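# Architecture at a glance
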Amino acid sequence: MSVGTEITVHQLESDPYPIYKQLREEEPVCFVESVGLWLVTRWADVQHVDKSPAVFTGETEPSTLKRTFGPNLLASEGAYHDRIRKIIYPWFRVGAIGDYPDNVIAPVAGELVDAFADRGHADLVSEFAEPLSARVLKRALGLDFVEEETLRRWFVDLATGAANFEGDPAKQEIADRASAEVDETIAPVVERIRREPNDTLLSSMIHTDVDGERLTTEEIQSNLKVMIVGGLQATTDLIALSLWAILSHPDQLAEVRADPKLIDPAIEEAARWHSPVGTSTRQATRETELGGVELEEGALIAAVLASANRDHRNWADPERYDIHRREGGHLAFATGPHLCIGARLGRYEARTAWRVLLERLPTLQLDPNQPTEISGWEFRSPHHLHVQWN
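We now turn to the structure provided with this report. (Residues numbered from 1 in each chain as written. Predicted model: local features only at pLDDT ≥ 70, side-chain atom pairs only at ≥ 80, totals over all residues. Heavy atoms only, no water.)

### Details of the overall build of the protein chain
Formally: In this description a helix means any DSSP run of H or I spanning at least four residues, a strand means any run of E spanning at least two, and both kinds are numbered starting from the N terminus. Each radius of gyration is computed over the set of C-alpha atoms, and the globule rule expresses the reference value as 2.2 Å times the number of residues to the power 0.38. Relative accessible area decides the class of each residue, using a 1.4 Å probe on protein chains only: under 20% of the type maximum gives buried, over 50% gives exposed, and in between gives partly exposed. We call two residues contacting when some pair of their heavy atoms lies within 4.5 Å.
Looking only at helices and strands, the protein chain has 16 helices and twelve strands in total. What you see for the protein chain is a C-alpha radius of gyration of 21 Å, in line with the 21 Å of a compact globule of 390 residues. Of all 390 residues assigned to the protein chain, the portion counted as buried reaches 56%. Here the analysis covers contacts within the protein chain between residues at least 6 apart in sequence; of these, 70% occur between residues at least 24 apart.

Right, here's the structure in full:
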């Protein structure tokens, strides 16, 4: 009997890593009935899937992303995908957002720390990582008029649809309602920015053209939803997971405090160790063989980034968090044509968050009386991150 018949959504949500380890050894390409996907778990196979769009397309059918957002960058391939990416990507270049760490992110992080610095304790998820991501995203997208709570609600509801692999109608209804609300809110803003350009990503999406073509209002709306989910979820979780990783390893934290140049490798190692985004979803465009398994045309596949990042075939002692690791780059931001377009901004936010916290709160540590709970397999994050300091 296949291991995949026994795996439940609850098991994946609570802690997928033991399951991934078993799959890598016993069934590296395994159909998991509870989510309706072939889980691909070894490093080399995940790389192959992500880098072979002609055989494993991101333009899946059915697609949780298209179903929730509409046609978008993540759920497309070929000329359409290339056109969308070429229009969106220029805003994410260093030349466009190189001032963000000092001029946008650090001031927001400082304000948030000001609110709790004298208290001696805080929840770094709800009081720091989430509002930091939300405020930076509002500034980046040009959604300053949207309340933080509204933006976070949109994220939670849209992410519910994006991760709804089991096709739960109740979950989809929540996501569809949020999707319609975003469309309704954004449409008049798009028309205003068409007349009055500014320095935001939304303006860049409206006014950038490739070979004389610009994005339609519908394309702007659908891709903006991708940015909302990615910008809030991936960034919040990268900040929270990386802080939890270093705070739960006091010896390595001491090294980072003594040498801030270790901040970058410490964050990258945290992203490998507990990947904020779990999978890349793909579909076989033809009959093919992967890991010794014959896949039919149309087979839906999850290339499990989080599992590849712990494959002992590529990593020494992969279960261990080690800021001095030297095996090379991880797959937390995927690879190939769908390499995360917002990875640079997410890294800027995490690095700046660490720098501000370690400077302002030099005795920062985990609260031993409130342990950290982490869950999720598609989107993995701490529920809270309770900390204290003298």
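### Let's talk about the nonpolar core
A general trend in soluble globular proteins is that nonpolar side chains are found buried together. Defined as follows: Side-chain atoms within 4.5 Å link the members of a nonpolar core, which is a set of buried Ala, Val, Leu, Ile, Met, Phe, Trp, Tyr and Cys residues.
Core analysis: the largest hydrophobic core is formed by 93 residues, its most contacted members being Phe128, Leu132 and Trp354. If one sorts the elements of this core by residue count, helix H12 (residues 217-247) sits on top with 16 residues.

### Details of the packing of helix H8 (residues 125-141) against helix H16 (residues 343-360)
The condition is simple: Lines fitted to the C-alpha atoms define the axes, with helices restricted to the stretch that makes contact. Angles between their N-to-C directions range from 0 to 180 degrees. The scheme is simple: roughly parallel for angles under 35 degrees, roughly antiparallel for over 145, roughly perpendicular for 65 to 115, oblique for anything else. Here a crossing is called left-handed whenever its near helix is offset anticlockwise from the far helix by less than a right angle, and right-handed whenever the offset is clockwise. Amino acids outside the nonpolar list (Ala, Val, Leu, Ile, Met, Phe, Trp, Tyr, Cys, Pro) and the charged list (Asp, Glu, Lys, Arg) are all regarded as polar, and Gly is one of them.
At a minimum axis separation of 11 Å, H8 and H16 run at an interaxial angle of 135°. Regarding the angle of H8 to H16, the classification is oblique. The interaxial crossing formed by H8 with H16 has right-handed handedness. Facing Phe128, Leu132, Ser133, Val136 and Ala140 of H8, the residues of H16 in contact are Leu345, Glu349, Ala353 and Leu357. Broken down by class, the residue content of the contact of H8 with H16 amounts to seven nonpolar, one polar and one charged.

### Quick word on the sheet that holds strand S4 (residues 121-123)
Definition in use: At least two bridges found by DSSP between two strands are what make those strands a pair.
Strand order in this open sheet of three strands is S4-S12-S9, and the pairing throughout is antiparallel. Every interior strand has two partners, whereas the edge strands, S4 and strand S9 (365-366), have only one. Relative to strand S12 (residues 386-388), S9 runs antiparallel, the two being bridged by two bridges. Paired with leucine 366 across the strands is valine 387, a residue of S12.

### Some words on unusual backbone geometry
In terms of backbone geometry, most residues other than glycine have negative phi values and most peptide bonds are trans. Cis geometry marks the peptide bond from glutamate 61 to proline 62, where omega comes out at 5°. Inspection of the secondary structure assignment puts proline 62 in the loop between strand S3 (56-57) and helix H4 (64-69). With a phi angle near 50°, aspartate 317 is a residue other than glycine that sits in the positive phi range. For aspartate 317, the location among the structural elements is in the loop between helix H15 (305-308) and H16.

### Considering the environment of threonine 8
Within the fold, threonine 8 resides in the segment before helix H1 (9-14). Each C-alpha atom of the pair threonine 8 and glycine 58 lies 25 Å from the other, and the pair is 50 residues apart in sequence.

### Considering the packing of aromatic side chains
For clarity, the cut-off: Here the aromatic set is Phe, Tyr and Trp, taking the six-membered ring for Trp, and pairing holds for ring centres within 6.5 Å; pairs whose planes are under 30 degrees apart are stacked, those over 60 apart are edge-to-face, and all others are tilted.
Counted by the stated rule, this structure contains nine aromatic pairs. Plain terms: the ring middles of tyrosine 17 and tyrosine 20 are 5.9 Å apart, the flat faces sit at 80° to each other, and that makes the pair edge-to-face. Placement of the pair is tyrosine 17 and tyrosine 20 together in helix H2 (residues 17-26), with a separation of three residues, close to one helical turn. Judged by centre distance (5.8 Å) and plane angle (85°), the ring pair of tryptophan 91 and tyrosine 100 falls under edge-to-face.

### Some details on the pairing of strand S2 (residues 37-40)
Relative to S2, strand S1 (residues 29-32) runs antiparallel, the two sharing four bridges. Directly across from valine 32, in S2, lies its bridge partner leucine 37. Pairing of S2 with strand S8 (residues 300-304), which is carried by three bridges, proceeds in the parallel orientation. Residue pairing across strands places tryptophan 38 opposite isoleucine 301, the latter belonging to S8.

### What to know about the pattern of salt bridges
Just so we agree on the cut-off: Think of a salt bridge as a Lys or Arg side-chain nitrogen and an Asp or Glu carboxyl oxygen that are within 4 Å of each other.
Overall, the coordinates contain 29 salt bridges when judged by the stated rule. Across the pair glutamate 213 and arginine 83 runs a salt bridge, and its minimum N-O distance is 3.4 Å. Linking glutamate 213 in the loop between helix H11 (201-207) and H12 with arginine 83 in helix H5 (residues 78-88), this pair joins segments that are 130 residues apart in sequence. Among the ionic contacts, a cluster of salt bridges with common partners joins Glu111, Arg135, Glu148, Glu149 and Arg152.

### Points about the layout of surface pockets
Basically, it comes down to this: Cavity: a set of points on a 1 Å grid over the protein atoms alone where a 1.4 Å probe fits but cannot get out. Pocket: an open set with protein on both sides within 12 Å along at least five of seven lines, its lining residues, like those of a cavity, having an atom within 4 Å of a point. Grid points are joined across faces, edges and corners, and a volume is the space filled by probe spheres set on the points.
Each pocket or cavity is described by its volume, and for the largest pocket that value is around 600 Å³. At the level of elements, H1, H8, helix H9 (148-162), H12 and strand S11 (381-382) are the ones that each hand at least two residues to the lining of the largest pocket. Looking at which element gives the most residues to the lining of the largest pocket, the answer is H9, with five residues. Residues of the lining of the largest pocket, tallied by class, amount to twelve nonpolar, seven polar and seven charged.

### Some details on a negative patch on the surface
This is how the line gets drawn: Like charges are joined within 9 Å and nonpolar side chains (Val, Leu, Ile, Met, Phe, Trp, Tyr) within 5 Å, but only among residues with over 30% relative accessible area and no salt bridge; these make up the patches. Under the convention used here, a 1.4 Å probe and the Shrake-Rupley method define accessible areas, while residue burial counts only the protein chains that appear. Positive charge is attributed to Lys and Arg, negative charge to Asp and Glu, and no charge count is given to His or to the chain ends. For this purpose, a charge sits on NZ of Lys, CZ of Arg, CG of Asp or CD of Glu.
There is a patch of like negative charges on the surface, built from Glu287, Glu289, Glu294, Glu296 and Glu297. Along the polypeptide, glutamate 294 turns up in strand S7 (residues 293-295). Look at glutamate 294 and you get exposed, because its relative accessible area is 57%.

### A few points about empty space enclosed by the protein
Considering all chains together, one arrives at one cavity of 30 Å³ or more under this definition. Taken as a whole, the largest cavity holds about 870 Å³ of empty space. Leu74, Val226, Gly230, Val277 and Cys340 are the residues nearest the centre of the largest cavity, which is lined by 47 residues in total. If you list the elements that add at least two residues to the lining of the largest cavity, you get H4, H8, H12, strand S5 (279-284) and H16. Per-element accounting of the lining of the largest cavity gives the leading share, nine residues, to H12.

Note that all results are geometric; they support no functional claim without further evidence.
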